[in-house]
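# Commentary on secondary and tertiary structure
Listed below are the residues making up each chain.
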Amino acid sequence: MDYKKTNAPLNTQTRDLIAMSADTGNVYETVCIIAKRANQIGGEMKHDLEKKLQEFASLNDNLEEVSENREQIEISRFYERLPKPTLIATQEYLEHKIHFRNPSKDKFSD
């Protein structure tokens, strides 16, 4: 999923975890699913940001040569304005866009 086009809220909201955990039947399992997805999204965001900022990296960094680059600042601000990975993952979970399975439950159901 493209985290740049998400409809996740920019600020935190109070959620009813009991209602959210109806699919799994376990609040802790639901939180774990959302947390793992948030870690994946955070890693993707970090990788993309680092890739975009590599263009601005100079080989000889001196205090005298450091200058502000408007494009670099705008890229950083764009990523700062995005919703946090946890909010994106929660929205994906609520929209049933996260596919998950529990291998330990699959063993016992056979």
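Above this text you will find the structure in question.
For clarity, every value in this text was computed on a predicted model and none was experimentally measured.

The next subject is the side chain of S21. Mapped onto the fold, S21 is located in the loop between α1 (17-20) and α2 (27-53). On the basis of relative accessibility, which here comes to 6%, the residue S21 falls in the buried class.

Bringing the packing of α2 against helix α4 (residues 85-94) into the picture now. α4 packs onto α2 with a crossing angle of 125° between their chain directions and a minimal axis gap of 8 Å. With respect to α4, the element α2 is oriented oblique. Our pair here, α2 against α4, has a crossing hand that is right-handed. Across the interface between the two elements, T30, I33, I34, R37, A38, I41, G42 and M45 from α2 touch P85, T86, I88, A89, T90, E92 and Y93 from α4. Considering only residue class, the contact of α2 with α4 consists of nine nonpolar, four polar and two charged.

Definitions and cut-offs
Residues numbered from 1 in each chain as written. Predicted model: local features only at pLDDT ≥ 70, side-chain atom pairs only at ≥ 80, totals over all residues. Heavy atoms only, no water. Helix = DSSP H or I, 4+ residues; strand = E, 2+ residues; numbered from the N terminus. Buried < 20%, exposed > 50% of the residue type's maximum accessible area, 1.4 Å probe, protein only. Axes fitted to C-alpha atoms, helices over the stretch in contact; angles between N-to-C directions. Parallel < 35°, antiparallel > 145°, perpendicular 65-115°, else oblique. Left-handed = near helix turned anticlockwise from the far one by under 90°. Contact = heavy atoms within 4.5 Å. Nonpolar A, V, L, I, M, F, W, Y, C, P; charged D, E, K, R; others polar.

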